[in-house]
Amino acid sequence: MRFALLTLVLPLLLVGPSQAQDAEAGATVFKKCMACHAVGENARARVGPPLNGVVGHAAGAVVGFKYSEALLGAGITWDEAALSSFLKAPKAFIPGTKMTFVGLKTDEEIANVIAYLKTFDAEGKAVAP
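Just so it is clear, the model here is predicted, and its values are computed rather than measured.

Engineer: Would you mind going over the side chain of Glu109 with me for this structure?
Structural biologist: Within the secondary structure, Glu109 sits in helix H6 (residues 107–117). Setting aside residues no more than four positions away along its own chain, Glu109 makes contact with Val29, Lys32 and Leu104.

This is the structure in structure tokens:
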């Protein structure tokens with residue numbers, strides 16, 4: 001029985017939910033987000049808020065941006081797990097969100113775009129990954 005359990009669990013531990021992250025590939029994936037979001041030193045709000053310094057910060061924290069009540073009431077921090085869930089299926093993760101994007105298709109795309117977002121501090125300056 002232990003062997004059967006290990007054969008089921010061990011592959012999950014080896015692959016795990018975390019993916020190898022490639023910020024350069026994430027820059028390409030981020031092009032899907034650019035209609036609504038910006039990053040970098042001159043990033044401004046568009047349909048969505050700028051995403052400078054988003055990884056590790058509270059949801060709904062960009063001053064002056066009008067967030068949905070659902071997102072404001074979610075009480076989450078955009079850590080990698082929350083971002084992964086949101087980027088996979090925004091409306092399923094936060095029902096009532098204003099974000100109309102249906103989500104990224106693969107875990108690899110999600111991991112890469114998160115890696116890319118991690119290369120920007122709160123002011124939009126480049127930081128080492």
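And the narrative resumes.
Engineer: What is the right way to look at the packing of aromatic side chains in this model?
Structural biologist: Where two aromatic rings form a pair, the distance of their centres and the angle of their planes describe that pair. Enumeration according to the criterion identifies 5 aromatic pairs in this entry. Arranged with centres 4.9 Å apart and planes meeting at 70°, the rings of Phe65 and Tyr67 form a pair that is edge-to-face. Exposure remark for Phe65: the relative accessible area of 17% places this residue in the buried category. Taking the relative accessible area as the measure of exposure, Tyr67 reaches 13% and is therefore buried. Measuring from centroid to centroid gives 6.4 Å for Phe86 and Phe93, while their planes differ by 65°, and the two rings are edge-to-face. Among the residues examined, Phe86 registers a relative accessible area of 7% and is labelled buried. Chaining the aromatic ring pairs together yields one cluster made of Phe30, Tyr116 and Phe120.

So, how was this worked out
- Residues numbered from 1 in each chain as written.
- Predicted model: local features only at pLDDT ≥ 70, side-chain atom pairs only at ≥ 80, totals over all residues.
- Heavy atoms only, no water.
- Helix = DSSP H or I, 4+ residues; strand = E, 2+ residues; numbered from the N terminus.
- Contact = heavy atoms within 4.5 Å.
- Phe/Tyr/Trp six-rings, centres within 6.5 Å; stacked < 30°, edge-to-face > 60°.
- Buried < 20%, exposed > 50% of the residue type's maximum accessible area, 1.4 Å probe, protein only.

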